[in-house]
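Spelled out, the chains give:
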Amino acid sequence: MTATIPNLPSLYDPFTTEAKWQKFWEDNQVYKADPQRGGEPYCIVIPPPNVTGSLHMGHAFDNTLIDSLIRYHRMKGYNALYLPGTDHASIAVHTILEKQLQAEGKTRYELGREKFLERAWQWKDSSKGTIVGQLQRLGVSVDWSRERFTMDEGLNKAVVEEFVRFHEEGLIYRSKYLVNWCPATQSAVSDLEVENKEVNGHLWHFRYPLTDGSGSVEVATTRPETMLGDTAVAVNPKDDRYKHLIGKTLTLPIMQREIPVIGDEFVDPEFGTGCVKVTPAHDPNDFEMGQRHDLPFINIMNKDGTLNENAGDFQGQDRFVARKNVVQRLEAEGFLVKVEEYKHAVPYSDRGKVPIEPLLSTQWFVKIRPLADRTLSFLDEKNSPQFVPQRWTKVYRDWLVKLRDWCISRQLWWGHQIPAWYAVSETGGEICDNTPFVVARSEAEAREKAISKFGTDVKLEQDPDVLDTWFSSGLWPFSTLGWPDRTEDLEFYYPTATLVTGFDIIFFWVARMTMLGGHFTGQMPFKDVYIHGLVLDENGKKMSKSAGNGIDPLLLMDKYGTDALRYTLVKEVVGAGQDIRLDYNRQKDESASVEASRNFANKLWNAARFVMMNLDGKTPQQLRSLLNPPLIRREETDSLATPVRAGFERESIGLTDDLSLNPPLQLSDRWILSRYYQVVKQTTDYIDSYGLGEAAKGLYDFIWGDFCDWYIELVKSRLFQKDAEGAASRLVAQQTLAYVLEGILKLLHPFMPHITEEIWHTLTQSDEAASISVQPYPESDATLIDSELEQQFELLIEAIRTLRNLRAEAGIKPGVKVKAVMQSESDRERQILTSSELYIQDLAKVESLTITSALDTALEPAIADVVGTVQVLIPLAGVVDVAVLRAKLEKSLSKAQAETKSLSARLSNPTFVDKAPPDVVQGAKDALAEAEKQIEILQARLRLLN
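Keep in mind that this is a model prediction, so the values were computed, not measured.

Visitor: I tried to follow the environment of R146 on my own but got confused; where do I start?
Guide: Topologically, R146 is positioned in the loop between α5 (113-137) and β4 (148-149). With residues near it in sequence (within four places) discarded, R146 still touches K32, A33, P35, L81, L83, P84, D489 and Y493. A polar side-chain atom of R146 sits 2.8 Å from a polar atom in the side chain of D489.

Here it is in structure tokens:
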């Protein structure tokens, strides 16, 4: 196509640019994956955010890391799929709706299940759009055509199939068992949804009298109200204090129930009194003792946390109210021995935020051991999946070893209704613990099964409970790809490549996905598990709603732009798995860190504008064709993976011998190309090993420092040459600038997709349907990396920087050219400086440069500094008023000498040294050393002025 002169606005507007490209990517389905393209797949499924929520900093961090990996691999030629979706958040949605109904003076039972679910779906549709829209705002390169919801038709089918297969294999069972009960949500919760919190409580000691009147035993408990359900007292059979009591009976105070004294080795003789009250229906350890000794199980608790009819006089009281009343009653009747202050762990419901109540309840369970053992075999025999950082492998393994059977039923209405139908006609029309049931994939299938068992008059009722949310999200890596059907997506993209997630849900989600994936597909659902840390607030504390210290990512995106936030979140990661601390001014809603990333974006924008203004309206491709032989050639090469597009080309620079070029590359060209290829290799190596933060930092240093601050400055004089002699050198500079700039945009694109897309389109004048995100990622060329040249250039850069600093120190005006002298006894250093003489003169405003092995002893007054072993001097005669400068240096010297005297006196004072804090003493010593060094430097500079 005919090139038009590229034009970038003078100021970068991230908000217009980001909205423009987000719409472009979606309208053109740039990220729509297609398994028929072939190649090597690279798939990541989004950790599904709750449909209840809005984008928080954890979402922004997690999805930025994922999107960076996806964009990188897509550009590396992989057939990449980033699959989006949301989770139905059973308990969270249910709680929200019940609060809404409560505000209206209603209950869900009054509304009815059908109307309640209609309301839930309406709420989900309105809320889901919020989180999806915010993810789009983040610029994630997902395939929205594959968006899933954990309760959509396909995923519901997968969950039903999961349940039915488990039941047919004997891995799901229904049983009365002690579960973690959340009175707030009135539902069972799994062990993994219980958080133990340290609380300051009490340990109450009570006396239980022996029935024969021969004495009593003393028991201690943190939950006095549960004594109403005691069915035994246990002692250790080896405890000489009590073993003679085993077999006798006690009279339970208040309830006047006769209960036995049993011997059980579970009892710790050192805890409390060595006598333990046994409440099998309200404590997991007591439950197991109750089973071992065939004790009665007496439930005293209603599902809302109040006491039931088995609690006698305390029926109807809240559990904590009953606690106080039971203690008062026991004290009044003479059974309270003492009360101790006691700090202990209390299990809380992660969802309901209240203490859980161990409750005897009939629930559905998954036998976890066969699943966990198979998953352990993948880990131990194949190191699958691989954790990054590797230290999380042990944590993951330890949890798999100690997992107990998984309670999967929840007493809610919003969620996947359990696919079990009860033959209520067999038990008087009600669902009881002994009501027979059938498990089926549909009601029709259930009826067919039930008729064959109970006859045509059978009446069925589906289990009203729903399944644990994790029962569905555990299938997420393969149900989203079509399982249980053998779809094209499932065959091609599964197992997925990487799971990116926080360490806090290794047990909730990661372990369940690996157990279910191993069981149903025979493979681990992902190759790698990249565990990242948390985004901490400005004080290094974990963000939480309760603490009120969250930082709204949308606010920062509105202020600084999406790319700035994305880049900050990635760049702040130091080492995989580490927490990051986000700088934030809460009074002004500002972040210096994100502002610095916005400034980086502006720096890149301005550099790109300058480059394009000096390309004569030509694209990098057009510039490539103007040299013969071409400085930069385009060639077909093999990539790490088969490309997803036909003609997926790689670029390289043909520089086996720069003398073969007409004109040849100059020193600065060779340097920037070497630095560029070093950074290409460094960035690729880092990303391949999940060092995304290190990759982002390296790009920042190269783009801001090497390219913008140095190379562009080094070639400016060549760009402004218009004569015939300089035209060829100008063309080489133009092509090198264009080539490196385009490479920079590609390298940076996974982290800052919007600004790189905008600049790339303008630079290349590409077809309107093209996107940088499907261009080949740069590949390093080791033959063009010249480490020795880079080291030489470091000396050049430091020499120029030193000359600039000396000019500023001497007060030399920017437009005034000076003489400069550089002295070194090293032949190598002098050669480097001689070859770079034009650059030094150009960038440091040096009129004449003398490079020598020895200084002239009769050298006129000068100001000087040292770079390595090179002494850099600027003679001052005719440039500045030497007398004024000498006075300035003498004043600084007097000040430094006075400070030295004061600090020396303080440090000579034994009182100060002995009594002052160590850090204050050390600070004084450091300040003295610095002042002494300043005196040495100032005296040397004054000698040069004499």
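Past the structure itself, the notes keep going.
Visitor: What is the right way to read helix α18 (residues 592-613) from this model?
Guide: Along an α-helix, a turn takes 3.6 residues, which lines up residues three or four apart on a common side. Its 22 residues give α18 an end-to-end C-alpha distance of 31 Å, which sits within 8% of 32 Å, the value for a rise of 1.5 Å per residue. Looking at α18, one finds that the buried residues are S593, V594, S597, F600, A601, L604, W605, A607, A608, F610, V611 and M612. As for α18, its buried residues are in contact with α16 (553-560), α17 (562-571), α21 (692-719), α22 (724-748) and α23 (753-764).

Visitor: Any chance you could explain the packing of aromatic side chains here in plain terms?
Guide: For any two aromatic rings, the description comes down to two numbers: the centre-to-centre distance and the angle of the planes. Scanning the model with the defined rule gives 38 aromatic pairs in all. Arranged with centres 5.6 Å apart and planes meeting at 80°, the rings of F116 and W413 form a pair that is edge-to-face. In this pair, F116 sits in helix α5 while W413 sits in the loop between β17 (409-410) and β18 (420-423), placing the two residues 297 residues apart along the sequence. Over the face of the ring belonging to W25 we find R71, whose NZ or CZ atom lies 4.6 Å from the ring centre.

Visitor: Before we go on, may I ask you to explain the nonpolar core in this structure?
Guide: Taken as a class, soluble globular proteins show a tendency for nonpolar side chains to be buried jointly. Core analysis: the largest hydrophobic core is formed by 198 residues, its most contacted members being M57, F471, F707, F751 and L876. Broken down by element, this core gets its largest block of residues, 14 residues, from α21. Among all residues touching F751, those that are not within four sequence positions of it are S68, R566, Y567, V570, I687, L692, A695, A696 and L699. Grouped together as the second largest cluster of nonpolar side chains are 36 residues, A188, L252, A311 and C407 included.

Visitor: Just checking my understanding: could you explain the side chain of T221 for this structure?
Guide: Looking at the secondary structure, you find T221 in strand β8 (residues 216-221). Among the polar contacts listed, one links the side chain of T221 to the backbone nitrogen of R223, at a separation of 3.0 Å. If we ignore the near neighbours within four places in the chain, the residues touching T221 are H202, L203, W204, F206 and K277.

Visitor: In this structure, what is going on with the packing of α22 against α23? I would like to understand it.
Guide: Geometrically, a packed helix pair is captured by the angle between its two axes and the distance between the axes. It is the contact of α22 with α23, at a shortest axis distance of 9 Å, that shows an interaxial angle of 150°. For the element pair α22 / α23, the angle class is roughly antiparallel. Read as a crossing pair, α22 and α23 show a hand that is left-handed. Facing α22, whose interface residues are A738, L741, E742, L745, K746 and L748, α23 presents T756, I759, W760, L763 and T764. Here the residues of the contact of α22 with α23 are counted per class, giving seven nonpolar, two polar and two charged.

Visitor: Can you walk me through the sheet that holds strand β7 (residues 194-209) in this structure?
Guide: Paired through backbone hydrogen bonds, the strands of a sheet run either parallel or antiparallel to each other. Across the sheet, three strands lie side by side as β8-β7-β13; this open sheet has antiparallel pairing. Each edge of the open sheet carries a strand with a single partner, namely β8 and β13 (336-349). With direction set aside, neighbouring strand axes in the sheet form an average angle of 20°. The sheet contact formed by β7 and β8 spans six bridges and is antiparallel. For H205, the partnering residue across the bridge sits in β8 and is A220. Strand contacts of helix α8 (residues 319-332): β7 and β13, with the helix running at about 20° to β7, the strand carrying the most contacts.

So, how was this worked out
- Residues numbered from 1 in each chain as written.
- Predicted model: local features only at pLDDT ≥ 70, side-chain atom pairs only at ≥ 80, totals over all residues.
- Heavy atoms only, no water.
- Helix = DSSP H or I, 4+ residues; strand = E, 2+ residues; numbered from the N terminus.
- Contact = heavy atoms within 4.5 Å.
- Polar contact = N/O pair within 3.5 Å; in protein donor to acceptor, adjacent residues only side chain to side chain.
- Expected span 1.5 Å × (residues − 1).
- Buried < 20%, exposed > 50% of the residue type's maximum accessible area, 1.4 Å probe, protein only.
- Phe/Tyr/Trp six-rings, centres within 6.5 Å; stacked < 30°, edge-to-face > 60°.
- Lys NZ or Arg CZ within 6 Å of the ring centre and 35° of its normal.
- Core = buried A, V, L, I, M, F, W, Y, C linked by side-chain atoms within 4.5 Å.
- Axes fitted to C-alpha atoms, helices over the stretch in contact; angles between N-to-C directions.
- Parallel < 35°, antiparallel > 145°, perpendicular 65-115°, else oblique.
- Left-handed = near helix turned anticlockwise from the far one by under 90°.
- Nonpolar A, V, L, I, M, F, W, Y, C, P; charged D, E, K, R; others polar.
- Pairing = 2+ DSSP bridges.

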